[in-house]
Amino acid sequence: MAERYDFTAVEQKWQKYWDEHNTFVATEDRSKKKFYALVEFPYPSGAGMHVGHIKAYSGLEVVSRKRRLEGYNVMFPIGFDAYGLPTENTAIKTGVHPRQVTDNNIVKFSSQLKRVGFSFDWTRVVDTTQEDYYKWTQWIFLKLYENGLVFRDKTLVNYCPSCKVVLSNEDSQGGKCDICHSDIVQKDKEVWYLRITEYADKLLEGLKDVDYLPNIKLQQENWIGKSTGAFVNFSLKENDEKLRIYTTRPDTLYGVTFMVIAPEHPIIEKYRDSIANIDALDAYKEECAKKSEFERTQLVKDKTGVKIEGLTAINPITEKEIPVYVADYVMMGYGTGAIMAVPAHDTRDYDFAKKFGIDIIEVIKGGDISKEAYTGDGEMVNSGVLNGITNKKDAIEKMLEFLGEKGIGEKGVQYKMKDWAFNRQRYWGEPIPIVHCPECGIVPVPYDELPLTLPPVDNFQPGSDGESPLAKIDSFVNCKCPKCGHDAKRETDTMPQWAGSSWYFLRYCDPKNTEALASKEALDYWMPVDWYNGGMEHVTRHLIYSRFWHKFLYDIGAVNTEEPYAKRTAQGLILGPDGEKMSKSRGNTIDPNDVVDNYGADVLRLYVLFMGDYEQAAPWNDSSMKGCKRFLDRVWNLQDKVTDGEGFSKELTSLMHRTIKKVTEDIEAMKFNTAIAAMMGLLNEIDKAGKITREEYRALIMLLNPFAPHITEELYQVMNYGGVLNEQSWPTYEEALCAESTIEIAVQVNGKIKAKLNIPAAAEQDEVLKLAKADSEVAAAIDGKNIVKEIYVKGRLVNIVVK
RNA sequence: GCGGAUGUGGUGGAAUUGGCAGACACGUCAGACUUAGGAUCUGAUGCCAACGCGUGCAGGUUCAAGUCCUGUCAUCCGCACCA
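The structure presented is a predicted model; accordingly, all values stated were derived computationally and were not measured.

Peer 1: Would you take a moment to explain the overall build of chain A for this structure?
Peer 2: A count of helices and strands for chain A gives 26 helices and 30 strands. In terms of overall dimensions, chain A has a C-alpha envelope of 105 × 85 × 50 Å along the principal axes. Considering only contacts within chain A whose residues lie at least 6 apart along the sequence, 72% involve residues at least 24 apart. Within the structure as shown, chain A displays about 35200 Å² of accessible surface, and the carbon and sulfur contribution to it stands at 48%. Put simply, chain A has 100 plus and 119 minus side-chain charges, and the middle of one group is 3 Å from the middle of the other.

Peer 1: Can you walk me through the packing of aromatic side chains in this structure?
Peer 2: This structure, assessed with the given rule, holds 45 aromatic pairs. Judged by centre distance (4.7 Å) and plane angle (35°), the ring pair of Phe-76 and Phe-120 falls under tilted. Linking Phe-76 in the loop between β2 (73-75) and β3 (77-80) with Phe-120 in the loop between α4 (98-115) and β4 (121-127), this pair joins segments that are 44 residues apart in sequence. When its relative accessible area of 2% is taken as the criterion, Phe-120 is described as buried. A centroid spacing of 6.3 Å and a plane angle of 80° characterise the contact between Tyr-246 and Tyr-334, whose relative ring orientation is edge-to-face. Placement of the pair is Tyr-246 in strand β10 (residues 242-247) and Tyr-334 in the loop between β13 (321-326) and β14 (338-341), with a sequence separation of 88 residues. A residue is classified by how much of its surface remains accessible, and Tyr-334, at 31% relative accessible area, is partly exposed.

Peer 1: I keep staring at helix α21 (residues 672-689) and nothing clicks. Help me out?
Peer 2: Within an α-helix, residues lying three or four positions from one another point in the same direction, as the helix has 3.6 residues per turn. Its 18 residues give α21 an end-to-end C-alpha distance of 26 Å, which sits within 8% of 26 Å, the value for a rise of 1.5 Å per residue. Where α21 is concerned, the buried positions are Phe-672, Asn-673, Ala-675, Ile-676, Ala-678, Met-679, Met-680, Leu-682, Leu-683 and Ile-686. Gly-690, located one to two residues past α21, shows a positive phi value of around 80°.

Peer 1: Whenever I open this one, the sheet that holds strand β20 (residues 487-490) confuses me. Can you help?
Peer 2: Strand-to-strand pairing in sheets goes through backbone hydrogen bonds, with the strands running parallel or antiparallel. The antiparallel open sheet is built from 4 strands, whose spatial order is β18-β17-β20-β19. Each having just a single partner strand, β18 (441-444) and β19 (478-480) make up the two edges of the open sheet. The average angle at which neighbouring strand axes cross in this sheet is 40°, direction not considered. Pairing of β19 with β20 involves 3 bridges; the strand directions are antiparallel. Within β20, the position partnered with Cys-479 by the bridge is Ala-488.

Peer 1: Looking at this model, I keep getting lost on the side chain of Arg-65. Mind explaining?
Peer 2: Secondary-structure assignment places Arg-65 in helix α2 (residues 51-69). Residues within four places of Arg-65 in sequence aside, it is in contact with Trp-18, Phe-24, Gly-117, Phe-118, Ser-119, Arg-605, Asn-705, Pro-706 and Pro-709.

Peer 1: Would you mind showing me how to read the pattern of salt bridges here?
Peer 2: Oppositely charged side chains may form a pair once their charged atoms are brought near each other. Taken as a whole, this structure holds 44 salt bridges when the rule is applied. Between Glu-70 and Arg-67 there is a salt bridge, with its nearest N and O atoms 3.8 Å apart. A residue is classified by how much of its surface remains accessible, and Glu-70, at 33% relative accessible area, is partly exposed. Residue Arg-67 is classed as buried on the basis of its relative accessible area of 10%. A salt bridge links Lys-551 to Glu-563; the shortest N-O distance between them is 2.9 Å. Of the two residues, Lys-551 is situated in helix α16 (residues 541-555) and Glu-563 in the loop between α16 and β22 (567-571); the sequence distance between them amounts to 12 residues. For the pair Lys-551 and Glu-563, one class covers both residues: buried. Connected through shared salt-bridge partners, Glu-28, Arg-30, Asp-121 and Arg-124 make up one network.

Peer 1: Is there a simple way to explain unusual backbone geometry in this structure?
Peer 2: In most cases, non-glycine residues show a negative phi, while peptide bonds are predominantly trans. Following Leu-450, the chain continues to Pro-451 via a peptide bond in cis, the omega torsion being -5°. Its place among the elements puts Pro-451 in the loop between β18 and α13 (474-477). Residue Pro-528 is bonded to the preceding Met-527 through a cis peptide linkage, with omega at 0°. Locating Pro-528 in the fold gives a position in the loop between α15 (520-526) and β21 (531-535). Positive phi, normally seen in glycine, also occurs at Asn-22, with a value near 50°. Mapped onto the elements of the fold, Asn-22 is located in the loop between α1 (7-20) and β1 (34-39).

Peer 1: Explanation requested: the environment of Ala-689 in the structure shown.
Peer 2: Its place among the elements puts Ala-689 in helix α21. Along the primary structure Ala-689 and Phe-548 are separated by 141 residues, whereas in three dimensions their C-alpha atoms are 58 Å apart.

Peer 1: So what exactly am I meant to see when it comes to the environment of Leu-715 here?
Peer 2: Here Leu-715 is to be found in helix α23 (residues 709-718). Through-space distance from the C-alpha of Leu-715 to that of Cys-484 is 71 Å; in sequence the pair is 231 residues apart. If near-sequence neighbours (up to four positions away) are discounted, Leu-715 is found in contact with Val-635, Trp-636, Gln-639, Tyr-697 and Ile-701.

Peer 1: What am I meant to see in the sheet that holds strand β28 (residues 752-760) here?
Peer 2: Reading across the sheet, the 4 strands line up as β28-β27-β30-β29 and stay open at both edges, with mixed pairing between neighbours. Strand pairing shows two members of the sheet lacking a second neighbour, β28 and β29 (787-793), which therefore form its edges. Taking each pair of neighbouring strands and ignoring which way they run, the sheet shows an average axis angle of 20°. Here helix α25 (residues 765-774) sits on the sheet and contacts β27 (742-749), β28, β29 and β30 (797-802); the angle it forms with β29, its principal contact strand, is near 115°.

Peer 1: Looking at this structure, I do not really get the environment of Arg-490. What am I missing?
Peer 2: By secondary structure assignment, the location of Arg-490 is in strand β20. In this structure Arg-490 comes out as buried when scored by relative accessible area, which is 17%. Sequence separation between Arg-490 and Cys-437 is 53 residues; the distance between their C-alpha atoms is 8.5 Å. Once residues lying within four places of it in the same chain are set aside, the contact partners of Arg-490 are Ile-434, Val-435, His-436, Val-445, Leu-452, Phe-476, Val-477 and Cys-479. Only 3.3 Å separates the side chain of Arg-490 from the backbone oxygen of Phe-476, close enough to count as a polar contact.

Peer 1: Please clarify how the nonpolar core should be interpreted in this entry.
Peer 2: Core analysis: the biggest nonpolar cluster contains 87 residues, and Leu-604, Trp-620, Phe-631, Phe-672, Leu-704 and Phe-707 have the highest contact counts within it. The residues touching Leu-604, leaving out its near neighbours within four places in the chain, are Val-51, Ile-54, Val-116, Pro-592, Val-595, Val-596 and Trp-620.

Peer 1: Any chance you could explain the confidence of the model for chain A here in plain terms?
Peer 2: Detailed reading of predicted coordinates is not advised where the pLDDT is low. Confidence in the prediction for chain A averages 89 pLDDT; 94% of positions are at 70 or higher. Of the two predicted TM-score estimates for the complex, the pTM is 0.91 and the ipTM is 0.93.

Peer 1: What is the right way to read a negative patch on the surface from this model?
Peer 2: A contiguous patch of negative charge on the surface is contributed by Asp-394, Glu-397, Glu-401 and Glu-405. Here Asp-394 is to be found in helix α12 (residues 392-406). Since its relative accessible area comes to 44%, Asp-394 is described here as partly exposed.

Peer 1: Hey, could you run me through helix α19 (residues 622-637) in this one?
Peer 2: Given a rise of 1.5 Å per residue, 16 residues ought to cover 22 Å, and the 23 Å separating the end C-alpha atoms of α19 matches this to within 8%. All buried positions along α19 are accounted for by Met-625, Cys-628, Lys-629, Phe-631, Leu-632, Val-635 and Trp-636. Looking down the long axis of α19, one finds its buried residues gathered within 155° of arc, a one-sided arrangement.

Peer 1: I tried to follow the packing of α19 against α21 on my own but got confused; where do I start?
Peer 2: Helices that pack against each other are described as a pair by the angle of their axes relative to one another and the distance between those axes. Where α19 contacts α21, the two axes come as close as 11 Å, and the packing angle between them is 45°. In terms of orientation, α19 and α21 fall into the oblique class. Relative to α21, α19 is oriented so that their crossing is left-handed. Residues Gly-627, Phe-631, Arg-634 and Val-635 of α19 form the contact with α21, whose participating residues are Met-679, Met-680, Leu-683, Asn-684 and Asp-687.

Peer 1: So what exactly am I meant to see when it comes to the pairing of strand β11 (residues 258-261) here?
Peer 2: Sheet faces and side chains relate simply in a regular strand, where the side chains alternate between the two faces. Along β11, one buried face is formed by Phe-258 and Val-260 and the opposite face, lined by Met-259 and Ile-261, is buried too. Sheet topology places β11 next to β14; 4 bridges connect them, and they run antiparallel. Considered in β14, the bridge of Ile-261 is made with Ala-338. Examined bridge by bridge, β11 and β13 share 3 bridges and lie parallel to one another. Bridging across to β13, Ile-261 finds its partner in Val-326.

Rules of the game
Think of each chain on its own: its residues are numbered from 1, step by step along the sequence as written. Labels follow written order: the first chain is A, the first ligand is 1, and so on. A pLDDT threshold of at least 70 governs which residues receive local features in this predicted model, and a stricter bar of 80 or more applies before side-chain atom pairs are shown or counted, although totals over entire chains, interfaces and linings include all residues. Side-chain numbers come from the whole structure's heavy atoms, not from hydrogens or water. Counting from the N terminus, the helices are the DSSP runs of H or I reaching at least four residues and the strands are the DSSP runs of E reaching at least two. In what follows, a contact means two residues having at least one pair of non-hydrogen atoms within 4.5 Å. Areas reported as accessible are Shrake-Rupley estimates using a 1.4 Å probe. Residue values count occlusion only from the protein chains shown. The positive count covers Lys and Arg only, the negative count covers Asp and Glu only, and His and the chain ends enter neither. Each charge is placed at NZ for Lys, CZ for Arg, CG for Asp and CD for Glu. Classification of ring pairs uses Phe, Tyr and Trp, with its six-membered ring standing for Trp, and accepts pairs whose centres are within 6.5 Å; under 30 degrees between planes counts as stacked, over 60 as edge-to-face, and the remaining range as tilted. Only protein chains enter the calculation, and the probe is 1.4 Å; a residue is then buried if its accessible area is under 20% of its type maximum, exposed if over 50%, and partly exposed in between. How far a helix is expected to stretch is found by multiplying one less than its residue total by 1.5 Å. A pair of strands is labelled paired if DSSP reports no fewer than 2 bridges between them. To obtain each axis, a line is fitted to C-alpha atoms, and for helices this fit is confined to the stretch in contact; angles are then taken between N-to-C directions over 0 to 180 degrees. Think of a salt bridge as a Lys or Arg side-chain nitrogen and an Asp or Glu carboxyl oxygen that are within 4 Å of each other. Here a polar contact is recorded for every N or O atom pair within 3.5 Å, except that within protein the pair must consist of a potential hydrogen donor and a potential acceptor, and residues adjacent in sequence are included only if both atoms are side-chain atoms. Side-chain atoms within 4.5 Å are what join buried Ala, Val, Leu, Ile, Met, Phe, Trp, Tyr and Cys residues into a set we call a nonpolar core. On a scale of 0 to 100, pLDDT captures the predictor's confidence in every residue. Patch membership is restricted to residues that have no salt bridge and whose relative accessible area is over 30%. Joining uses 9 Å for like charges and 5 Å for the nonpolar side chains Val, Leu, Ile, Met, Phe, Trp and Tyr. This arc corresponds to the set of directions leading from the helix axis out to the C-beta atoms. Convention used here: angles under 35 degrees read as roughly parallel, angles over 145 as roughly antiparallel, angles from 65 to 115 as roughly perpendicular, and any remaining angle as oblique. Whether a crossing is left-handed or right-handed is set by the direction in which the near helix is turned from the far one by less than a right angle, anticlockwise for left-handed and clockwise for right-handed.

Here is the structure:
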């Protein structure tokens, strides 16, 4: 009898072996075919690893191990995205420096990752908070600056009064701070922006050439939110001002009966002296500013607004005078902050017009505008030159032409995506390498002074007005202007957490390079990433930011591929045993360490892949995991059934070849659950047969290896196959042997199953039908009836239709 | 409101893309071995006493529908007054 499997000892033994033998270190042998597998590097939080991390990494872990056995030079790196607020908050709370907190957490994470036996290349670890790393983050920033993609603007920003930081739109969705969930307020602030909108079209176009899951592409497209329409200039009656608007429906221009501008629209300030009800407008503006973005978007139904007394617009087509309103359903941040309102064909304008008693003019036939706005297509009416056109596209085109001739408008494109607010008033981030000089203005830090290091501080409490803690460090702030030598001050804001993760995949290619972010040779060989897997929550922000940086680096010749990731997939969440999202507050979290202690790393790895479709969310279930434990134990105990004599029957051999085929294909399709199920099914049949040859056993062990590497390496050694498993080759199957010689088919009469039939797989229709009709049940069912139709689906079923 | 996804036994989930619904696993029941069983092994297990009925619900197409079409309900996740 085989000894009982001691998973703790065996797992430690092989982890040590892999470590000592550099088993998973990617080689620099560039004659070999490469495979670059990337998983999202973790934020090293104090809570340690989560089972979600295990699932996220296990997918490409299996693919990577398989690829190595297939002869690829695999790079499967790991690192730490270590800048960020939680660490800083821990530091504030405990008084331990963020550097120390980060280092402790990284040590903790590393040992946890190693315990699971992931085949990461530990020689390439990157840590975004190390000087030799963020030097290049700053370098990219300076390059962006040099190329006009960094600008400074004073605008209303999302400000979190609790965290005391300015947040991007992405970090403050729903009007709540992404970190502490407090309500966001709008605040005037001078901030740094990256001109990501400049790359909007390239980011959209690039999606055509990459292999991302369709819903990931869709989310990115929606995020970028390209729309085509027209800019139209409306004249004002009282002065020479042009009120410029953006519309996607220039075809409805004849139906414009009023205009609406955002409360923050500059025209109000400009003409405040000629506005009779300026007090009312000021009051309204203040009221709007107090509303959080959340409130502002919740009260969708109830439109508010104030008519401007003293500014009247002129519809450039009809030349009729129309009123101008201020209302907060128009946003300053999209388009021009002003709209032409077509109440007959836009539900928002309709609601507003009804409430304020404004004219509603139908210009598209098909609805009943006395009841509601009609947003469908139809024949143009009341529309001068457009009358009679029934096609929206034609109407738009005609109107654009008309606007062009009259010089009052032109075709335009807008994006929902906004420029990237690129600074935080926090300590634990990359310093922005900029100097403010009273003489020269904004001056970039020279490249040879990089990295601009984060000064050591004891107090990282943010300033009361949202200033960075760095502002309090005189030795950091005070400097000489690199350009004129005059006394100057450093920028004290730091970069957002997205910065470090926007290029880490490049650094993995050449992590120790001191001359460049990575050598050209390394990038030529490794890039692009062949397969990137991560969470669905990162497919817009992180994925778009990093694609933006990469495309920029491509444009300045720093990298050699237009797109960073050839393929992107996403895993589903692991839910708590109660089916709810895992969270500390719900108390339904599972600690991977406990699982490794009690069941072993192989069981943990196997279970997170077996629990359901990889891309789908699935609840954790302890007892279900035991099935995986049993399976591995049974594979171990199969040793006792190894025979020197005859092995598998013909049928079982066929099943094994089919299993090899299935596992091989399922891994590529991320159908890990069915791959494991197939191996379980094979084991069940082997157990029934009660015997297995050494070679057959070897194939099973190889097949299982990517999923459960420790037990399979051990078995390989125990069985004396020679060498170590990870230096062997992935098992192959013979297509001819996959075919079964006899198969069972169903016999239906009028679609109802009457019998099952075992027939030779090669049997032809006539033969099968003859056999089918010979069955007593079938014969009874068709007796005395007319056979209308006979269908034979090869290898599946027979259906006899009778009347 | 818009967009996306999902809905299958007591549970997690499978189903050559229109061809035997429920693979695999959990759980449950029975048996074996045991001082013992929360270990292991063997067998049974969609529902119904049965004719039969069964993939959220109602229709439709088809010899044949979990899969296609039309409508509808529910849940989850994004986005949200985007002009």
